[in-house]
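Architecture and fold: a report
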Amino acid sequence: MRRKIVAGNWKMNGSKGLSEKLVGYVQAEAGSLDNGVEVVIIPPAIYIRDVLDQADGAISVGVQNVGQWQSGAYTGEISSEMAKDSGCKYVLVGHSERRQIFGETDELVAEKVALIVASGLAAIVCVGETLEERESGLAESVVASQVRLGLSAVSGEWKSIVVAYEPVWAIGTGKTATAEDAQAMHASIRSVLKGMGAPAEEISLLYGGSVKADNAAALFSEPDIDGGLIGGASLVAEEFISICRYFPASS
Ligand code: 13P
């Protein structure tokens, strides 16, 4: 059975105060969710301890990025082992902001994925096309290539892999993929995974890109959408927990 996951990526937002206030609220509400959703918070690394102190078991915690080395003279970087040691369960990798602003390539994503799974953490591997690629009819092939290359180092550790489809044009823009388009891409990703020899039916596929309380229900009712990766709306406690609630209890 694949897991249902709603993960909040705070990006470079938040504060110690928000970590205490928001996580306390989300933690209390997450405990009463009856739809089997795993609630994950992915704060800036410097607040992971504050989030974990509030989380108290009902919430999992992730880190937004790790370096591609195990340790050493890499000022400013943190490793997968450190993330594990600090109590994280998930690592976000290949987010389009990392790809576009920091020049991360599929090859680098693959190196990081290998270290993440080797350290016993789960990787949430982000893929997604730009508007130009979608308008040129290249969306599926671009995403398929990101999946194949980014996961090229995975052999037996598929249980540690989650894929997040985040069309770049939908991130922070208020434009969401329609539930039908998102479902079509998720089905395509699942078939790419199958082609790679992965247990595709067991791998959770999340949708990200302007997910809000008013569009989550439609997205989450699609058969291949196993949850969401939420940016802006994860910084508002009530909105974030509302999104977690929209998962149908039966699926
Ligand atoms: P928004 O929900 O703000 O569009 O961000 C999505 C995202 O990038 C999550 O990783």
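Further up the page is the structure itself.
**A closer look at the overall build of the chain**
- In terms of regular secondary structure, the chain is built from 10 helices and 8 strands.
- A compact globule built from 251 residues should have a C-alpha radius of gyration of about 18 Å, and the chain, at 17 Å, falls within 12% of that.
- Judged by the C-alpha coordinates and their principal axes, the chain covers about 45 × 45 × 35 Å.
- Put simply, the chain has 251 residues, and 54% of those count as buried.
- Excluding contacts between residues fewer than 6 apart, the proportion of contacts in the chain whose partners are at least 24 apart in sequence is 72%.
- Accessible surface, the chain: about 10800 Å² in total, of which carbon and sulfur atoms supply 51%.
- Distance between charge centroids for the chain: 3 Å, based on 20 positive and 32 negative side chains.

**Considering the side chain of S79**
- Structurally, the position occupied by S79 is in the loop between strand 3 (59-63) and helix 3 (80-85).
- Relative accessible area serves as the criterion here: at 4%, S79 is assigned to the buried category.
- Reaching out from S79, the side chain makes a polar contact with the backbone nitrogen of M82 at a distance of 3.1 Å.
- Ignoring anything within four residues of it in the chain, the contact list for S79 reads V66, W69 and Q70.

**A word on the pattern of salt bridges**
- With the rule as written, the count across this model stands at 15 salt bridges.
- Across the pair R190 and D224 runs a salt bridge, and its minimum N-O distance is 2.6 Å. One end of the pair, R190, is in helix 8 (residues 179-195); the other, D224, is in the loop between helix 9 (216-220) and strand 8 (227-230), with 34 residues separating them in the sequence.
- The class of R190 is buried, set by a relative accessible area of 4%.

**Points about the pairing of strand 4 (residues 90-93)**
- Residues Y90 and L92 point to one face of strand 4 and V91 and V93 to the other, with burial holding for every one of them.
- As judged from the 2 bridges shared by strand 3 and strand 4, these two strands associate in the parallel manner. Note that in strand 4 the partner of V63 across the bridge is V91.
- At this point the chain moves from strand 3, through helix 3, to the parallel strand 4, and the crossover so formed is right-handed.

Criteria and cut-off values
- Residues numbered from 1 in each chain as written.
- Predicted model: local features only at pLDDT ≥ 70, side-chain atom pairs only at ≥ 80, totals over all residues.
- Heavy atoms only, no water.
- Helix = DSSP H or I, 4+ residues; strand = E, 2+ residues; numbered from the N terminus.
- Rg over C-alpha atoms; globule rule 2.2 N^0.38 Å.
- Buried < 20%, exposed > 50% of the residue type's maximum accessible area, 1.4 Å probe, protein only.
- Contact = heavy atoms within 4.5 Å.
- Areas by Shrake-Rupley, 256 points an atom, 1.4 Å probe, with all protein chains shown as cover.
- Lys, Arg positive; Asp, Glu negative; His and termini not counted.
- Charge placed at Lys NZ, Arg CZ, Asp CG, Glu CD.
- Polar contact = N/O pair within 3.5 Å; in protein donor to acceptor, adjacent residues only side chain to side chain.
- Salt bridge = Lys/Arg side-chain N within 4 Å of Asp/Glu carboxyl O.
- Pairing = 2+ DSSP bridges.
- Right-handed = clockwise from strand over helix to strand, strands pointing away.

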